Amino acid sequence: MKKRLYQSDAASYFREHSSIFLFIVVLFLMGVIFGAIVVNSMSITQKEDLFYYLSQFFGQVSSGREGEDNDLFLQSFSHNSKFIGLMWILGISIIGLPVILILLFIKGMVVGFTVGFLVSQMGWQGFMLAFVSILPQNLIIIPVFIMMAALSVIFSLRMIKKQFMKKYAQPILPFFKGYIFTLFVAVIFIVAASGIEAYLSPWLMKTVISSTVLK
């Protein structure tokens with residue numbers, strides 16, 4: 001009974017704020033597209049310099065000289081949790097709303113640029129590398145970022161209404177408790193994504209590089 005009640009509450013919540021969730025998804029996709037466009041605007045020299053460093057990294061991966069898996073896990077977790085934590089904090093502040101949107105757009109741009117650059121420089125092999133090195137962990141990270149961005153925007157809007165609309169009678173505390181719970185859930189998913197990035201993606205990259213790129 002309680003499970004059905006929670007599901008009903010979640011469904012009604014998403015319906016109520018569907019426009020915000022849709023806007024956040026579209027904004028992220030715009031960032032991905034913009035990142036891919038930036039690749040095409042780079043000069044040949046810039047592409048060659050970046051590809052040189054990228055080739056060195058691939059060489060390190062294929063020869064097994066990349067950083068320790070545990071270090072990579074900690075780096076990934078630290079980076080992604082800081083990103084999520086910053087969004088969460090900005091959601092509490094009234095002036096943080098535009099920064100949340102900018103951060104999400106930048107995240108999308110980075111993903112679009114990385115995939116676009118690999119494909120433009122290496123074709124099908126670049127697509128395969130992007131598929132095994134970027135997609136696995138981002139299947140978790142991207143939905144978490146989108147969800148956190150949307151919830152941060154919603155909470156920030158509630159704070160703005162509470163501050164400037166005297167007739168706004170909904171209490172903030174119940175929403176804040178849920179907002180804290182969301183952060184803990186997001187961190188759990190980030191742990192899973194960091195594990196994939198540290199322990200699965202490097203092995204997949206080695207497989208692809210040894211079988212295609214370095215032949």
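On a predicted model such as this, the values are computed, not experimentally measured, just so you know.

Trainee: Would you mind showing me how to read the nonpolar core here?
Mentor: By size, the foremost hydrophobic cluster in this structure holds 32 residues, and its most contacted members are Ile 24, Ile 84, Met 87, Leu 104, Phe 145 and Met 148. When residues of this core are traced back to their parent elements, those giving at least two are α2 (18-41), α4 (69-92), α5 (97-133), α6 (135-164) and α7 (173-213). Of the residues forming this core, the biggest block, 12 residues, is contributed by α6. If near-sequence neighbours (up to four positions away) are discounted, Met 148 is found in contact with Ile 84, Met 87, Trp 88, Thr 182, Leu 183 and Ala 186. Within the second largest apolar cluster, 9 residues are counted, among which are Leu 118, Leu 129, Ile 134 and Val 208.

Trainee: I would appreciate a short explanation of a nonpolar patch on the surface in the present structure.
Mentor: A cluster of nonpolar side chains, namely Val 119, Trp 124, Phe 127, Phe 131, Leu 135 and Leu 139, defines an oily patch on the protein surface of about 590 Å² accessible area. For the nonpolar patch, the elements supplying multiple residues, two or more each, are α5 and α6. Counting residues per element, the nonpolar patch draws most heavily on α5, which supplies 4 residues. Checked against the element boundaries, Leu 135 lands in helix α6.

Trainee: Looking at this structure, I do not really get the packing of α2 against α6. What am I missing?
Mentor: Between α2 and α6, the least distance of the axes is 9 Å, while the angle of their chain directions is 130°. Here α6 runs oblique to α2, going by the angle between their axes. Like other packed secondary-structure pairs, α2 and α6 cross with a definite hand, here right-handed. Across the interface between the two elements, Ile 20, Phe 21, Ile 24, Val 25 and Phe 28 of α2 pack against Ile 142, Ile 146, Met 147, Ala 149, Ala 150, Leu 151, Val 153, Ile 154 and Leu 157 of α6.

What counts, and at which threshold
Residues numbered from 1 in each chain as written. Predicted model: local features only at pLDDT ≥ 70, side-chain atom pairs only at ≥ 80, totals over all residues. Heavy atoms only, no water. Core = buried A, V, L, I, M, F, W, Y, C linked by side-chain atoms within 4.5 Å. Buried < 20%, exposed > 50% of the residue type's maximum accessible area, 1.4 Å probe, protein only. Helix = DSSP H or I, 4+ residues; strand = E, 2+ residues; numbered from the N terminus. Contact = heavy atoms within 4.5 Å. Patch = residues over 30% accessible without salt bridge, like charges linked within 9 Å, V, L, I, M, F, W, Y side chains within 5 Å. Areas by Shrake-Rupley, 256 points an atom, 1.4 Å probe, with all protein chains shown as cover. Salt bridge = Lys/Arg side-chain N within 4 Å of Asp/Glu carboxyl O. Axes fitted to C-alpha atoms, helices over the stretch in contact; angles between N-to-C directions. Parallel < 35°, antiparallel > 145°, perpendicular 65-115°, else oblique. Left-handed = near helix turned anticlockwise from the far one by under 90°.

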